[in-house]
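Next come the chains, spelled out residue by residue.
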Amino acid sequence: MRRCALLAALLGLVVSGPAQARACLDTEVLTAARLNEFATMMMGVSLRCKAAGLDISPGYDAMLTAHRSIFAAADRRLRAFFAGERRAFDIYSTKLGNRYGGGATDAANCQRFERVAQSLSANVSVAALGRVVFAMVTQPHIDGEICTKP
């Protein structure tokens, strides 16, 4: 049941039209926030590993390319969510970047993240990406109230 909801939320991002700014965090916005946070986390790890002499960027770049449409849809959804507030998306993105800009950087950690990126670059299914994203980002760091169902 949870996998069906996950798949529906991810697919909803890709096939839905432009969103209007919303007052609360609905399933699509929360899913987009998870995807965005995952991509930011992977970028931060990739940059830290490269600075430590362990370049995992080829796997990271391949992962982004393999799932480009999903990450792009998540970006569009978040930008639409923040559209009513000047600079809100930039502030949100900066906070995420700062959150993942530091952290443990050692060979073992870099290798773990490299395996994740390589695995996702080889498996382009939405379900595979969703499983990893929902496991690694259980609660997205985005401000707002979660929508309640009527």
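Residues numbered from 1 in each chain as written. Predicted model: local features only at pLDDT ≥ 70, side-chain atom pairs only at ≥ 80, totals over all residues. Heavy atoms only, no water.

## Description of unusual backbone geometry
In step 1: The backbone phi angle of Arg87 is positive, close to 70 degrees, even though this residue is not glycine.
In step 2: Counting through the fold element by element, Arg87 comes out in the loop between α4 (68-81) and α5 (88-101). (Helix = DSSP H or I, 4+ residues; strand = E, 2+ residues; numbered from the N terminus.)

## Here we look at the pattern of salt bridges
In step 1: Inspection of the entire model under this criterion finds three salt bridges.
In step 2: For Arg77, the salt bridge goes to Glu28, with nearest N and O atoms at 2.7 Å. Pair noted here: Arg77 is in helix α4 and Glu28 is in helix α2 (residues 27-51), with a separation of 49 residues, a long-range link.
In step 3: Between Asp75 and Arg79 there is a salt bridge, with its nearest N and O atoms 2.9 Å apart. Here Asp75 and its partner Arg79 are both found in helix α4, four residues apart, which amounts to about one turn of the helix.
In step 4: In this structure Asp75 comes out as partly exposed when scored by relative accessible area, which is 25%. (Salt bridge = Lys/Arg side-chain N within 4 Å of Asp/Glu carboxyl O. Buried < 20%, exposed > 50% of the residue type's maximum accessible area, 1.4 Å probe, protein only.)

## Digging into the packing of α2 against helix α3 (residues 57-66)
In step 1: Across the interface, α2 lies against α3 with an axial gap of 9 Å and an inter-helix angle of 160 degrees. Between α2 and α3, the crossing angle belongs to the class labelled roughly antiparallel. In the packing of α2 onto α3, the handedness of the crossing is left-handed. When α2 is examined against α3, the residues Phe38, Ala39, Met42, Met43 and Ser46 are found in contact with a partner set consisting of Ser57, Tyr60 and Met63.
In step 2: By residue class, the composition of the contact of α2 with α3 is six nonpolar, two polar and no charged. (Axes fitted to C-alpha atoms, helices over the stretch in contact; angles between N-to-C directions. Parallel < 35°, antiparallel > 145°, perpendicular 65-115°, else oblique. Left-handed = near helix turned anticlockwise from the far one by under 90°. Contact = heavy atoms within 4.5 Å. Nonpolar A, V, L, I, M, F, W, Y, C, P; charged D, E, K, R; others polar.)

## A word on the confidence of the model for the chain
In step 1: Mean pLDDT over the chain works out to 88, with 84% of the residues at or above the 70 mark.
In step 2: Low confidence marks residues 17-22, where pLDDT is under 50. Its contacts with residues over four positions away, or in another chain, come to ten contacts. (pLDDT = per-residue confidence, 0-100.)

## Examining the packing of aromatic side chains
In step 1: Summed over the entire model, instances satisfying the criterion amount to four aromatic pairs.
In step 2: Arranged with centres 5.1 Å apart and planes meeting at 75 degrees, the rings of Phe81 and Phe82 form a pair that is edge-to-face.
In step 3: Judged by relative accessible area, which is 9%, Phe81 ranks as buried.
In step 4: Judged by its relative accessible area of 10%, Phe82 falls in the buried class.
In step 5: Ring geometry for Phe89 versus Tyr92: centroids 6.2 Å apart, planes at 50 degrees, classification tilted. Linking Phe89 with Tyr92, this pair stays in helix α5, spanning three residues, or about one helical turn. Neither residue differs from the other here; Phe89 and Tyr92 are each classed as buried.
In step 6: A network of ring pairs unites the aromatic residues Phe81, Phe82, Phe89 and Tyr92 as a single cluster.
In step 7: Just above the ring of Tyr100 sits the side chain of Arg99; from NZ or CZ to the centre is 5.8 Å. (Phe/Tyr/Trp six-rings, centres within 6.5 Å; stacked < 30°, edge-to-face > 60°. Lys NZ or Arg CZ within 6 Å of the ring centre and 35° of its normal.)

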